[in-house]
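Chain by chain, the residues:
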Number of protein chains: 2
Amino acid sequence: MSSNTRQKMIEITARLVQAKGYHGTSLNEILQKSDAPRGSLYFHFPGGKKTLVLEAMKAGIEEVSTAVKSSMENSDDPAEGVMSNYQVLAQAMKESNYQMGCPVSSVVLDMPDIESELAEICREAYNLWNEVYYGAFVKAGIEPERALRLAKTVQAASEGAILMARSEQSIQPIEDIGKEMADMVSHVAGQKTQQ
Amino acid sequence: MSSNTRQKMIEITARLVQAKGYHGTSLNEILQKSDAPRGSLYFHFPGGKKTLVLEAMKAGIEEVSTAVKSSMENSDDPAEGVMSNYQVLAQAMKESNYQMGCPVSSVVLDMPDIESELAEICREAYNLWNEVYYGAFVKAGIEPERALRLAKTVQAASEGAILMARSEQSIQPIEDIGKEMADMVSHVAGQKTQQ
DNA sequence: CTTACTATGATGACCGGTCTATATTATATG
DNA sequence: CATATAATATAGACCGGTCATCATAGTAAG
């Protein structure tokens, strides 16, 4: 059977954590929105809140990862891939009323203790996403060192774009920044290719 | 006399909110770290936590604002200004053990109710910082529309760089992204100037 | 009868906020 | 100069509510 209660809790937790951060999300609200009893939570997630949030983050990270991969792979021009990636992000934010953006950033800003398992998975997420960009850039002929910096920049700009979009309740920043970043990528790729 | 208790509370709150977000910061901890009694808090900040955090954010926003202005004004080349700005950011993060970065981002990700006064000041902060970059870029001969997009991008990338630096506990991302952004700015400025 | 899951509610810690009482300082008045 | 008065600030007990956690019991299915 593999109860759907567990899955439901994960999805709801993912949304709440992105919307209000780790500390701002209460188990009571998760329970209420999941329409589940208290005991179920500790049955499915023996470690309590931490474990539940961890699962929710893992799910979100995987989702973002496949989205980025899909954007970059379905276009041989990396600049085009970056642009399409920002467009996907814009739509996702709009559809979620600007609540869903990055599954880890709210936790990064909520967790001062860098030694926790939660912090560890945040680090891994950034690396994972970076590698997708990096691979695409190298494949496009950009030299590795530059490709790495560029990947980080594309990633960072999209994180910042999410913050601004949330704040302004508009996809305008995402579109603007996406356009700039695509331009930058095509500039760098052009430089390195035409030699 | 204008007690220094008030100022002390603001500074400590600013640090705590940046480190753990709005919900993750408790009045008890602020009180304890400020070495002040409970009554003093509600004397100096009648609105309670919200008012206190608001003041702390205002102070932080102003601080960042002057830092960015200083970086951009003390260099006629905007690319150089951007680079220096990222360097200042890197040092600030390192000195604070990667706790201090942006005074508003943790609140943006913590506040689902966009109608609040807290959310309003976040919006204003982004605009304020953007205008500094925008002004410098226009002054360097970049056409207004492009300058606006570029300003947002530089801003967004630095927000993202903060997240990554915090997560990795390293200034490497800030340096890498700063280099890329400076390169991008000089590229755009070069385009528009040499006509 | 066991395994998987649901259901309920007690527990103690901590939350932000309110209250009254006291101390300190500044100003006014004689 | 001395004293009264008011404004400023400190001090901490206390409240109702919510937090995450956990113990225990019920239910359903194979």
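Let me sum up the structure you'll find in this document. (Residues numbered from 1 in each chain as written. Chains lettered and ligands numbered in written order. Predicted model: local features only at pLDDT ≥ 70, side-chain atom pairs only at ≥ 80, totals over all residues. Heavy atoms only, no water.)

Inspection of the region around DNA strand C gives 16 residues, with T5(A), R38(A), L27(B), N28(B) and R38(B) positioned closest. Close to the protein, within 4 Å, the atoms of DNA strand C are drawn from sugar and phosphate at a rate of 50%. Contacts to DNA strand C include G39(A), whose backbone N or O atom sits 3.3 Å from a base oxygen. Within the side chain of S40(A), a nitrogen or oxygen atom sits 3.3 Å from a phosphate oxygen of DNA strand C. Here the element with the most residues in the surface near DNA strand C is helix α3 (residues 38-44) of chain A; it accounts for 5 residues. Grouping the amino acids of the surface near DNA strand C by side-chain chemistry returns 4 nonpolar, 9 polar and 3 charged. (Near = heavy atom within 4 Å. Polar contact = N/O pair within 3.5 Å; in protein donor to acceptor, adjacent residues only side chain to side chain. Helix = DSSP H or I, 4+ residues; strand = E, 2+ residues; numbered from the N terminus. Nonpolar A, V, L, I, M, F, W, Y, C, P; charged D, E, K, R; others polar.)

Residues and elements named next belong to chain B. Positive phi, normally seen in glycine, also occurs at Y98, with a value near 65°. If you trace the backbone, Y98 turns up in the loop between α5 (78-95) and α6 (105-108). For Q169, which is not glycine, the phi torsion reads 55° and is therefore positive. Locating Q169 in the fold gives a position in the loop between α8 (144-168) and α9 (172-193).

What follows concerns the environment of A157(B). Within the fold, A157(B) resides in helix α8. Spatially, the C-alpha atom of A157(B) lies 32 Å from that of E29(B), the residues being 128 residues apart in sequence.

All names here are of chain A. Under the criterion given, the structure shown has 4 aromatic pairs over all chains. Between Y126 and W129, the aromatic rings sit 6.1 Å apart at their centres with planes inclined by 80°, giving edge-to-face as the arrangement. One end of the pair is Y126 and the other is W129, both in helix α7 (residues 117-139) and 3 residues apart, which spans about a single turn. In terms of burial, Y126 and W129 fall into one category: buried. Between Y133 and F137, the ring centres sit 6.3 Å apart and the planes meet at 25°, which makes this aromatic pair stacked. (Phe/Tyr/Trp six-rings, centres within 6.5 Å; stacked < 30°, edge-to-face > 60°. Buried < 20%, exposed > 50% of the residue type's maximum accessible area, 1.4 Å probe, protein only.)

Residue and element names in this part refer to chain A. Interhelical geometry of α7 versus helix α8 (residues 144-168) gives an angle of 130° and a closest axis separation of 8 Å. Taken together, the axis directions place α7 and α8 in an arrangement best described as oblique. When you trace α7 past α8, the crossing you get is right-handed. Seen from α7, the contacting residues are Y126, W129, N130, Y133, Y134, F137 and V138; seen from α8, they are P144, A147, L148, L150, A151, K152, V154, Q155 and E159. Looking at the contact of α7 with α8, its residues break down into 12 nonpolar, 2 polar and 2 charged. (Axes fitted to C-alpha atoms, helices over the stretch in contact; angles between N-to-C directions. Parallel < 35°, antiparallel > 145°, perpendicular 65-115°, else oblique. Left-handed = near helix turned anticlockwise from the far one by under 90°. Contact = heavy atoms within 4.5 Å.)

This part covers the interface of chain B and chain A. Between chain B and chain A, the contact holds 45 residues from the first and 45 residues from the second. Regarding the contact of chain B and chain A, the summed buried area is about 4100 Å², with carbon and sulfur atoms giving 64% of it. Together, L109(B), L163(B) and E180(B) form the three largest contributors to the area buried by chain B at its contact with chain A, with a combined 18%. Where chain B meets chain A, there are 8 salt bridges. Measuring nitrogen to oxygen at the nearest pair gives 2.7 Å for the salt bridge that ties K152(B) to D176(A). One can count 12 residue pairs in polar contact (both at pLDDT 80 or more) joining chain B with chain A. Looking at the side of chain B that touches chain A, the elements that each hand over two or more residues are α1 (4-24), α6, α7 (117-139), α8 and α9 of chain B. Here the side of chain B that touches chain A gets 16 residues from one element, more than from any other, and that element is α8(B). Grouping the constituent residues of the side of chain B that touches chain A by class yields 18 nonpolar, 14 polar and 13 charged. (Buried area = accessible area lost by both parts, 1.4 Å probe. Salt bridge = Lys/Arg side-chain N within 4 Å of Asp/Glu carboxyl O.)

Okay, the pattern of salt bridges next. Residue and element names in this part refer to chain A. For the structure on display, the rule yields 18 salt bridges over all chains. For K33, the salt bridge goes to E29, with nearest N and O atoms at 2.7 Å. Of this pair, K33 and E29 both sit in helix α2 (residues 27-34), separated by 4 residues, roughly a single helical turn. Judged by its relative accessible area of 16%, E29 falls in the buried class. One salt bridge connects E120 with R123, and the closest N-O pair in it is separated by 3.0 Å. A residue pair is termed a helical-turn pair when its members lie 3 or 4 positions apart in one helix, as E120 and R123 do in helix α7 at 3 residues.

Residues and elements named next belong to chain B. Following both chains from N to C, one finds α5 and α8 inclined at 25°, their axes separated by 11 Å at the closest point. Between α5 and α8, the angle falls in the class roughly parallel. With respect to the hand of their crossing, α5 and α8 are arranged in right-handed fashion. On the side of α5, the interface is formed by V82, Y86, L89 and M93, while α8 contributes V154, A157, S158, A161, I162, A165 and R166. Residues of the contact of α5 with α8, tallied by class, amount to 9 nonpolar, 1 polar and 1 charged.

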